[in-house]
Each structure stands twice: as structure tokens, then as C-alpha cells.
Amino acid sequence: MIWSWIPRNGDLILGLLGQHLVLALVPVVVGLVLAVPLGWLANRSRAARSVLIPSAGVLYTIPSLVLFIVLPGILGTQILDPVNVVVALIVYTVALLVRSVADALAAVPAMVVAAATAMGFKPARRFLAVEFPLSVPVLVAGLRVATVSNISLVSIGAVIGIGGLGQLFTDGYQRNFPTEIVTGIGLSMLLALLADAALLGLGRAITPWSRAASPRGTA
Amino acid sequence: MNLLAQIVGWLGDPQHWSGPTGIPARVLEHLEYSGLAVLLGVLVAVPIGALVGHTGRGGFLIVGLANGLRALPDLGLLILLVLLVGIGLLPVVVALLVLAVPPLLAGTYAGVRNVDASVVDAARGMGMREREILLKVELPNSLPLLLGGLRAATLQVIATAAVAAYVSFGGLGRFLIDGLSVRDYPQMAAGAVLVAVLALVVEAILAGVQRAVVSPGLRSGGARIRPSGDPENDPTRLGDDPADLSNPEMAGVNP
């Protein structure tokens, strides 16, 4: 290990860290926005559920390297275009979150929904003001899994030339330089654990009632 | 549809189906790495998960380990092992083993932990020894979650085994990496399709095995842990009585 390599290449490492963060987190945000209406549909209609949940499962079984390579052919992009990685990770995020959103909405007590209806909430407002906020704890659990696995998957993209910190792996392999690889693994795990902790904290902060209702903090 | 025609053309070429670099040989290599890693993973993870689940001690360690290892980038681990140990079957199987263990450990632990306490009490009341309780009652009852962990582990290992080609190994990843290096897009796309098909076929086989092995009495067991979102069709839900909703343990009792 040659630890002095790290400060000497600070700019390179920070640049890759930034790229890694963008490649991993943009898909989480876009995926969440796409998954909420789909999950809502899957929770409402049995027909939609019987299509959406199994197809999400099939999408999730496709290996990441495969998607990175096949997407340019489908999207018409260049193979070295970062869009391929972003779109592939959006696919995984949506596949994971559709189920989370449907489960989260199903876990909202029927009584509460009925009470909201009785108080005169129209369906759209009832969803935004009652069902969606109450589904946040289960939804955040799904988001945490999606975020951590995205951060880990971005580095696979290095095999096709775009992979944030993953480029430290491929470069370190070509130069036979373990320090670079250990740095990449350490930063990637640190990023995942920080993002996980941030989501956990955010979930707790926006659902103060779940702490008041159950001392165990589960919902 | 040009791409599809190219993939079909590549797959239809008889040259790609024979010899040590043909598709059947690559599929076998892929299954060899994956199978070995999953088998070793089962040998390591299932006894530990079952023991921790049975005694209830050290559960936080299992959960922490499973979550922490999920954040580990597979490619980095594999490359690091190859640089440290040299190229061979060992680094590939160890890297894949590290991926297989967390889902297996978590699935076994959660499965044994979630066995109805009254069932375990009944077994103990009938005079079963602790070993018998674990082997004859808790493990069979934990099969839905345990096999769920096995499926997750197998899928992840098969997907990552494709990455192994980057460090000069065989398996279906060879078509992806070789195709990439000479910009032979049909070969890459065909290799990608082969990996995806292999993953889907293995997943379908394991799903079939799960249906065959899990006792019919446990079919609704999964709904207890994962809300099915299908209230009318959920036998574990006892109705909209407030007493049931405020007490998830009640709603989870199998009829």
C-alpha cells in the first residue's frame, strides 16, 4: 500500500466521487418519481398488480453489466455515454420501488383511509395528504435498499468505461496497484453507508408520528 | 429490429456453439463458478444463520453484516483478490462467495426467527430436544424465507460471474468483454442475452423447487412478513377489526 498516492491524486478521486454520486443518485430520484404512480396503480387494481409486480421482478433479475451493454442498442446512444448507466439504474430503482410503493400503500390502515374519506377528502387529496405520508416508513426502507445497491452497481459500469469510483478498480488492475482499488472500495462503501444513514434520518424526520405511536420506532 | 437480427444471426452461427470457447462450454463454466460459490455460501451461512436464529443471540450482527456487505462493490473486491492472490479459481469463488453469504445468512436468520413462537413451544412441550426443534420444526418452517435468500444469492452470483471475465476468466462474461474490446456489438449483445436468459432460467427453476419443497401449510407464511397488498385474498388478515390492526402479531396467526 502506498498511501501517499491518495493526497497526490486528490482531484482525480474527488472528481470520480462526484461522478459516482451523480450516476447513483439521479436514478434514485427519477426512479422514485416513476415508481410512485406505478405502485399506486399496482395497489389499486389487481390486474395492474398482476402485470407490474412480476415484470418488475423479471427486470430486477437482469444482470447490470448486461443492461449497460444492451441499452445503447435500444436507446441509440453511444456505448460510452453515461446515459446508459443512468437509464439502467433507473430500471432497477423502478423495479425495486414499484413493489415497495405498493406494499407501503397496502400497509396504510384501511380505517385511516375510511376516516379520511368520511371527512370529505377527495381521492387525489386523500392520497397526497393521508395515504402517501403514512406509507413513508415502508417506502424509505425500499429507497435505502435501492440507493445502497445503486452506489455499489455504478462501479460495474467501469467495465464499459463509465463507473465513477469503479474506474479506480479498472485503472488499478491495469497498473497492478492495490492502493487504488482499496481506495475505491473504501470510498464506495463510505458513500453507501452515508447515503443510507441520511435516508434513515430523513425518513425519521418527516414521520414524527411513527416515533410517537410505537416506542420501537417501527412502522 | 436491426439489432435483434444481428443477435439472432450471431446466436444462429454454428461456429459459436462448439469448442472450448463455444456457448455450451461458457455456460458450463459460468454455472461451475456460480454453483461452487452458492454451495460454499450455503455451507457457511445456513448453519450460522440457523444457530443465531434459534438462540436469538447476535441477531444485530447478522443484520449489520448483511447490510454492510450489500454496499461492497463486487468488481473492486474481485480485482483486489486477483491482484493479491493471482489468477485462478480461488479469487473468483471467494469474491462470489462473499456476495452469496449475506442474503443466505439474512434469509436463514429471518426464517428461523419468524417461526411462530407457539409452534416452537408446542415442539418443546412434546419433549423434542433443541437439536430436533431446530432441524425438524424451525428449519422446515423457515423454508420460504431461507429459499428466498438462496434465490437472491444465486441471482446475484450469476450476474457477477459475468464480471469475472474482466479479470481473464471464462464464463458467459467472455462474450461481453471480448466483444467490447473489438467493438463487436452483436457478440456483446448476444452474450448479454445469454446471461439474462441463464439468470431467468435458474430463477424459474429455483422458484419451482421452492414451490415443491415448501409445505403447503406455509404458503401464506410469506404474507405475514411482507404485506401482500391484496387484503381480500390474504388469509392471514383477520378483517378490519381495530383490535387486529393494532396488533400485528394477532393478524399474523395462521388460521
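Peer 1: How should the packing of helix α8 (residues 173-181) of chain B against helix α9 (residues 185-213) of chain B be read in this particular structure?
Peer 2: Geometry of a packed helix pair, given as the angle between the helix axes and the separation of the axes. All names here are of chain B. α9 packs onto α8 with a crossing angle of 165° between their chain directions and a minimal axis gap of 8 Å. Judged by the inter-axis angle, α8 sits roughly antiparallel to α9. The element α8 and its partner α9 pack so that their crossing is left-handed. For the pair α8 and α9, contact is made by Phe175, Leu176, Asp178, Gly179 and Leu180 and by Tyr185, Gln187, Met188, Ala190, Gly191, Ala192 and Leu194, respectively. Per-class residue counts for the contact of α8 with α9 are eight nonpolar, three polar and one charged.

Peer 1: Teacher, can you tell me more about the confidence of the model for chain B here?
Peer 2: Low-pLDDT portions of the prediction should not be read for the details of their coordinates. All names here are of chain B. When pLDDT is averaged across chain B, the result is 81; 85% of the residues are at 70 or more. Per-element mean pLDDT across chain B ranges from 32 in helix α12 (residues 248-251) up to 93 in helix α2 (residues 23-55). A low-confidence stretch, residues 221-255 stays under pLDDT 50, and its non-local contacts, those more than four residues away or across chains, total 38 contacts. Two numbers describe this predicted complex: its pTM, 0.81, and its ipTM, 0.83.

Peer 1: Looking at this structure, I do not really get the confidence of the model for chain A. What am I missing?
Peer 2: Here chain A averages 90 in pLDDT, and 96% of its residues register 70 or above. Looking over chain A, one finds the lowest element-wise mean pLDDT in helix α10 (residues 208-213) of chain A, namely 74, and the highest in helix α2 (residues 10-44) of chain A, namely 94.

Peer 1: In this structure, what is going on with the interface of chain B and chain A? I would like to understand it.
Peer 2: When the parts of a complex come together, some accessible area is lost, and that lost area is often taken as the interface size. Facing 36 residues of chain B, the contacting portion of chain A comprises 41 residues. Those elements giving two or more residues to the side of chain B that touches chain A turn out to be α4 (74-85), α7 (130-161), α8, α9 and α11 (242-245) of chain B. Of the residues contributing to the side of chain B that touches chain A, the split by class is 29 nonpolar, two polar and five charged.

The rules behind the values
- Residues numbered from 1 in each chain as written.
- Chains lettered and ligands numbered in written order.
- Predicted model: local features only at pLDDT ≥ 70, side-chain atom pairs only at ≥ 80, totals over all residues.
- Axes fitted to C-alpha atoms, helices over the stretch in contact; angles between N-to-C directions.
- Helix = DSSP H or I, 4+ residues; strand = E, 2+ residues; numbered from the N terminus.
- Parallel < 35°, antiparallel > 145°, perpendicular 65-115°, else oblique.
- Left-handed = near helix turned anticlockwise from the far one by under 90°.
- Contact = placed C-beta atoms within 7 Å.
- Nonpolar A, V, L, I, M, F, W, Y, C, P; charged D, E, K, R; others polar.
- pLDDT = per-residue confidence, 0-100.

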